[in-house]
Structures are given as C-alpha cells and as structure tokens.
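Observations on chain architecture
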Amino acid sequence: MPSNFIDTATIWLHAGKGGDGAVSFHREKFVAAGGPDGGDGGRGGDIVFVADDNLSTLMDFRYKRKYNAADGENGRGARQKGKDAEDLVIRVPRGTVLKEAESGLVVADLSGSDPVVVAKGGRGGWGNARFATPTRQIPRFAKPGLPGEDLHLRLELKVIADVGLIGFPNVGKSTLISVISAAKPKIANYHFTTLTPVLGVVRVAEEQSFVCADIPGLIEGAAEGVGLGHDFLRHVERCRLLLHVVDVSGCEGRDPKADFEQINHELANFSPELAQRPQIVLGNKCDVATPEQIEEFRRYIEAQGLTFLPISAATRQGIDNLPKLVYARLQELPPVKVFEPEYVRPDKSAAPKRPFTVEKTGEHEFTVDAPWLERILAGTNVEDYESLQYFQTQLGDSGILDELVRQDVQEDDTIKIGEYEFDYVF
C-alpha cells in the first residue's frame, strides 16, 4: 500500500477542563463589607469532527495521535466569569467512521455535513459568590472546574460511492472506470495495479449521475487479510450496488465461474450483509472470448437470478448502455448506508454520584480514595473556619465519616486524601 493513502488511524482525544471558580471579595472605597464576588470558571473546549470534501486520506493522523482541546479560563473577581475555551475542530474525509477503540462500537459516521461533538469539555467551577447564604456570608472557597471527556478512537475511512466495482485483479475494472467516468487510474497488465480505491463520477444525463468506486482486486483469503482485499473490503460496505467484473474469456487460464464464486465467498466472509448486496455481473473481455464461452457464462449467471451484461472495456463494446442500466437500478435501491452510533457514554448517574473507598493503610492511618473530594479540597481554604465547615459537611453527607467510624478510627489518627493529610478529631 502506498504511504500517501492511509484509511485507518488510532487517536486519543482529551477535551478541555473547565476553569476553576474564583475566591474574591468586593473591595471598593467607601463600601464596607462588599461581600464575596468570585466569578465562575469557563467551560472547557469540546472536540468536534467535521467532514471535509477536500481530504481523501487519514494521512494527517499518522503523525499526530493526541488531540487536546483548550481549558476554560478561571473565574475572576467582580463576578467575572472565565472565558469559555474554543472548541477543537478536527477535519476528516467524508465517509470516515469513528469507533471507540477498545469496543469497536461506532461513535459517529461523518457522512453528512453537520459537525459532531465527540468529546465534551468540562463544566466550569462555581465562584465563591455562589456559596453566599444568610448564615455563610463570607465563603472562602470555590469549586474547581470539571475535567473534560477522554476518548480513545479508531478512525476508518469507508469511501462513499453508489456503485462498487469488484472482481479479481487484472479483470479490467480500472479500464472500465476510466471509460465510463473521468477517473484516470493507473492501468497496466499486472496484478494489483490499483493500490487505492479510485472514485469516478458517471454522468448519465442532465442532473443524473452516480459515483462509482474501483475497489482494489480481491484474491482468495482476502477476508482473512491475504493480498490487498482485507484493507479495502471496508470501502465496499457503503455501495448500494456491486458491478461484479469477470474475465469471461479466461485468457489468463482462470475459470470465470470459479472466480465469480470465490469473490462472493470473500464478501460473505467479510460481511454477510455485504454478500446480499444487489449485483450486476459484467462479462468483460468478450472481444477475445468465444460466443460459446459468453453464452455458457450467461446461463450460469441468469440461473442465479442476476443480470448479466457482456462488455469489452478495451473496445467499448456494450459500454454505452451500462450507465443507464446502473442508474435505473439505483433508483430502486435505498440510499447510501450510514452507520448509526452504537457507543454509549458511561452513565455517570447510574454509578454512585460520589463514590469513595476507605482503607486502613497503617496502625493509625486511613487513606480515602475519592477524586471528587480532592477537587473540593482544591478549592477549599483550610485556614478558614467556614470553608472547613463546608468541607466537613461533604464528608458527612457522602458517608465517608460513617465509614471511618465503622473501621474504628480513633482521635488523632491520620486521614490521607490525595496530597492532603488531616488529624481526625471527634
């Protein structure tokens, strides 16, 4: 496969963290006891994917694997909210399917023109002005911003075409697409001339056209990764109609019936749904085939309920009627396949809202593992009585204090929470 065509990639996304809330108090000449006026933090940046028709490969993602959106700005005094971070926009070729790397579930299909938010930025934290109450008039604490979403993605480019040309190497697919469209693939008399999918627009009449894709030749074992087939079978998945090109002349010593059956076998191994896709069978190279060869293969194909058309891409025999036949068949078929999202973001509400674990890690030492509590601590002024009261309320409401008592905590025992240490007092 040439290095300039990349149709798969794996990347890591890190949406922006929300800005921290501010701890601030109003200070103005001749104004006594102005009160708390710390503003909220700004929202972290989302990561947004957009389909771009000017791109045709995932080459850019071969060299850059990690994408980080900007963090939200911290809040400021005078109730000034921090600035929301700008979203990070990632452009991919139209037809790129995003999958969660570990599960393989579809996150989004970039076939349309609408931007898709794939990873959401964190919410900004509240400033201390939000915590002022009649009984807590001087709150000296604020909430830190929440982290953004992380996602490990696999990108797969599946070309968007109405019609796919399939068949063994060197059966004349590249010549055919060069004849019926403006596409100019490299053509030569050896196998695997085509190393990348080639798209061509076939014009039938005014405002009547369809997109045709020349898929690199398949060989036996393609669905298991033999030859080039495994890399490019994914590009047939969107095609509404398959043009199955067979060398009816057998000029290379091959049996056209065996070739036809083998290609369909590879399609079924890769995707049973793909094997059921409608087909028109094109008996190519009929200019060098005998009438008996053409007629025998016609009977074989029509016995299976398929349409057979003898052609010669090299001499244009039978080519003139092909676009109209294909276009008429497409009008009877459903639109190009779009992959529906399957991946469901973890439901944070289904798990305990404030999970924690308490472990006795020494004779007079307990360690509390609660990331949410560490975020509260980061915005707590431990030197301030009211701020500590708020923190102790969180300990009590979450059940952490009850769990410490259950594990027989004693006065003056050390309690570790992240980077912080406290002495337990009754």
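Computed from a prediction, not measured in an experiment: that's the story for all the values here.

1. Some details on the overall build of the chain
Looking only at helices and strands, one finds ten helices and 18 strands in the chain. In the chain, once contacts between residues fewer than 6 apart in sequence are set aside, the share between residues at least 24 apart is 72%. Put simply, the chain shows about 21,700 Å² of open surface, and 49% of that area lies on carbon and sulfur atoms.

2. Some thoughts on the packing of aromatic side chains
Evaluated as defined, the whole model comprises four aromatic pairs. Look at Phe-297 and Phe-308: their rings are 5.7 Å apart centre to centre, the planes differ by 75°, and that puts the pair in the edge-to-face class. Of this pair, Phe-297 sits in helix α6 (residues 291-302) while Phe-308 sits in strand β14 (residues 307-310), placing them eleven residues apart in sequence. The same class applies to Phe-297 and to Phe-308, which are both buried. If you follow Arg-254 out to its NZ or CZ, it ends over the ring of Phe-168, 4.3 Å from the centre.

3. Considerations on the sheet that holds strand β11 (residues 208-214)
Ordered by their spatial adjacency, six strands build an open sheet running β10-β11-β9-β12-β13-β14, and the pairing between neighbours is mixed. Each having just a single partner strand, β10 (198-205) and β14 make up the two edges of the open sheet. Ignoring strand direction, the axes of neighbouring strands in this sheet form an average angle of 25°. Where β10 lies against β11, seven bridges are found, and the strand directions are antiparallel. From the neighbouring strand, Arg-203 faces β11, where its bridge partner is Ser-209. Along the sheet, helix α2 (residues 173-180) makes contact with β9 (163-166), β10, β11, β12 (241-247) and β13 (279-284), crossing β11 at roughly 160°. Taken strand by strand, α6 contacts β12, β13 and β14, and its axis lies near 160° from that of β14.

4. Here we look at empty space enclosed by the protein
Taken as a whole, this structure holds one cavity of 30 Å³ or more when the rule is applied. One number sums up the size of the largest cavity: a volume of about 30 Å³. Contributing to the lining of the largest cavity are Phe-168, Pro-169, Asn-170, Val-171, Asp-247, Glu-252, Arg-254 and Asp-259. Among the residues forming the lining of the largest cavity, the class breakdown is three nonpolar, one polar and four charged.

5. Some thoughts on the side chain of Asp-109
Along the chain, Asp-109 turns up in strand β6 (residues 106-110). Taking the relative accessible area as the measure of exposure, Asp-109 reaches 12% and is therefore buried. Side-chain polar atoms of Asp-109 contact the side chain of Ser-111, separated by 2.6 Å. At 2.8 Å, the side chain of Asp-109 and the side chain of Arg-238 are in polar contact. Setting aside anything within four residues of it in sequence, one finds Asp-109 in contact with Gly-95, Thr-96, Val-97, Arg-238, Lys-337, Val-338 and Phe-339.

6. A short note on the nonpolar core
A general trend in soluble globular proteins is that nonpolar side chains are found buried together. Counting residues in each nonpolar core, the largest one holds 34 residues, and the members touching the most others are Val-163, Leu-176, Phe-210, Leu-282 and Val-326. In this structure Phe-210 touches Asp-162, Val-163, Gly-200, Val-201, Val-202, Val-204, Pro-323, Val-326, Tyr-327 and Leu-330, once residues within four positions along its chain are discounted. Ala-15, Met-59, Leu-153 and Leu-155 belong to the second largest nonpolar core, which has 25 residues in total.

7. Here's the deal with unusual backbone geometry
Phi is positive for Arg-79, close to 60°, though the residue is something other than glycine. Note on placement: Arg-79 falls in the loop between β3 (66-68) and β4 (88-93). Residue Arg-79 is classed as exposed on the basis of its relative accessible area of 57%. You will see that Asp-412, though not glycine, has its phi angle at about 75°, which is positive. Mapped onto the fold, Asp-412 is located in the loop between α10 (400-406) and β17 (414-417).

8. Some details on the side chain of Asp-413
Mapped onto the elements, Asp-413 comes out in the loop between α10 and β17. Buried charged residue Asp-413 carries no salt bridge. Nearest counter-charge: Lys-360, at 6.1 Å. For Asp-413, the side chain forms a polar contact with the side chain of His-364, separated by 3.1 Å. Excluding residues that lie within four positions of it along the chain, Asp-413 makes contacts with His-364, Phe-366, Phe-422, Asp-423 and Tyr-424.

9. A few points about the pairing of strand β5 (residues 96-100)
Extensive coverage of β5 is indicated by the burial of five of its five residues. Burial along β5 is two-sided: the face carrying Thr-96, Leu-98 and Glu-100 and the face carrying Val-97 and Lys-99 are both buried. Judged from the four bridges that link them, β5 and β6 form a sheet pairing that is antiparallel. Paired with Leu-98 across the two strands is Ala-108, which belongs to β6. Here β5 hands over to β6 after five residues, with Gly-104 in that stretch at a positive phi of 80°. Where β5 meets strand β8 (residues 150-157), five bridges bridge the pair, whose relative direction is antiparallel. For Glu-100, the partnering residue across the bridge sits in β8 and is Leu-153.

What counts and how
Residues numbered from 1 in each chain as written. Predicted model: local features only at pLDDT ≥ 70, side-chain atom pairs only at ≥ 80, totals over all residues. Heavy atoms only, no water. Helix = DSSP H or I, 4+ residues; strand = E, 2+ residues; numbered from the N terminus. Contact = heavy atoms within 4.5 Å. Areas by Shrake-Rupley, 256 points an atom, 1.4 Å probe, with all protein chains shown as cover. Phe/Tyr/Trp six-rings, centres within 6.5 Å; stacked < 30°, edge-to-face > 60°. Buried < 20%, exposed > 50% of the residue type's maximum accessible area, 1.4 Å probe, protein only. Lys NZ or Arg CZ within 6 Å of the ring centre and 35° of its normal. Pairing = 2+ DSSP bridges. Axes fitted to C-alpha atoms, helices over the stretch in contact; angles between N-to-C directions. 1 Å grid on protein atoms, 1.4 Å probe; cavity = no way out; pocket = protein on both sides within 12 Å on 5 of 7 lines; lining within 4 Å. Points joined across faces, edges and corners; volume = space filled by probe spheres on them. Nonpolar A, V, L, I, M, F, W, Y, C, P; charged D, E, K, R; others polar. Polar contact = N/O pair within 3.5 Å; in protein donor to acceptor, adjacent residues only side chain to side chain. Core = buried A, V, L, I, M, F, W, Y, C linked by side-chain atoms within 4.5 Å. Lys, Arg positive; Asp, Glu negative; His and termini not counted. Salt bridge = Lys/Arg side-chain N within 4 Å of Asp/Glu carboxyl O.

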